[in-house]
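Coordinate analysis (summary)
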Amino acid sequence: TITIPSGATITATAATTTGFYAFAPKIDRWRLTTSLATSDSEPVSSNLERIDDYGSDSSVAGNALVNAGMTESSGVFTFPATGKYHVEFMATANSTSDERYVGLFIQETINGGTNWYSMATAYTSIEDAHSSGTWIAAYCDAYIDVTNTSNVKVRFNVNAETTTTFYGDTARDYMTMTFTKIGDT
């Protein structure tokens, strides 16, 4: 409990304040820029970009990111700093045929990519597909403790019963990967 006398003022800066937890959040979002027609992509490894704008409003995405710092190479994402992260994966897909399953996966490695472990999985299906295509969306998330940025990395996979189109676009978020640092390790 802090009691402030009437008429008193408090001035605080990160350099002079003690007893408070100083935390600078890191939020980064990436997307697929071109649609991917596949029945299995492990990982989604090309046509990825950090979100830079939403169509005609180029200031929206840039203003939403705070201390962005994820890097990506061949679909493998490296964290900018150690800490605890909330990782989210969302995808939109379309198929003209029924699909018993359409899946999303977030995989983590703790040994620099030698072994990969599924941290989150989401499955849905497409039933009574229309001849012009039936849309679905799926989402999964995981909490990752990044103790070493050289060893702990993530990647994102999709699969389906038959070839399905996972949508991508340079101005819309049909498939996104979002990283939010939520604390220190």
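Every value quoted in this text rests on a predicted model; they were computed, and no experiment measured them. (Residues numbered from 1 in each chain as written. Predicted model: local features only at pLDDT ≥ 70, side-chain atom pairs only at ≥ 80, totals over all residues. Heavy atoms only, no water.)

1. With respect to the overall build of the chain
- In terms of helices and strands, the chain carries one helix and 11 strands.
- Reading the secondary structure of the chain in the N-to-C direction produces β-β-β-α-β-β-β-β-β-β-β-β.
- The buried share among the 185 residues of the chain stands at 39%.
- Expressed as a percentage of contacts within the chain between residues at least 6 apart in sequence, the contacts between residues at least 24 apart total 74%.
- When the accessible area of the chain is evaluated, it comes to approximately 9,800 Å², of which 48% is carbon and sulfur surface. (Helix = DSSP H or I, 4+ residues; strand = E, 2+ residues; numbered from the N terminus. Buried < 20%, exposed > 50% of the residue type's maximum accessible area, 1.4 Å probe, protein only. Contact = heavy atoms within 4.5 Å. Areas by Shrake-Rupley, 256 points an atom, 1.4 Å probe, with all protein chains shown as cover.)

2. Quick notes on the pattern of salt bridges
- Counted by the stated rule, this structure contains eight salt bridges.
- When the shortest N-O distance is used, the salt bridge between Arg-31 and Asp-173 registers 2.9 Å. With Arg-31 in strand 1 (residues 26–32) and Asp-173 in the loop between strand 10 (153–166) and strand 11 (175–183), the pair connects residues that are 142 residues apart, well separated along the chain.
- When its relative accessible area of 0% is taken as the criterion, Arg-31 is described as buried.
- In this structure, Arg-100 engages Glu-161 in a salt bridge whose closest nitrogen and oxygen atoms are separated by 3.0 Å. With Arg-100 in strand 7 (residues 99–109) and Glu-161 in strand 10, this pair connects stretches of sequence that are 61 residues apart.
- For Arg-100, a relative accessible area of 62% puts it in the exposed group. (Salt bridge = Lys/Arg side-chain N within 4 Å of Asp/Glu carboxyl O.)

3. Looking at the confidence of the model for the chain
- Averaged over the chain, the pLDDT score is 88; the fraction of residues at 70 or greater is 83%.
- The secondary structure element of the chain with the lowest average pLDDT is helix 1 (residues 59–64), at 55, and the one with the highest is strand 5 (residues 76–78), at 98. (pLDDT = per-residue confidence, 0-100.)

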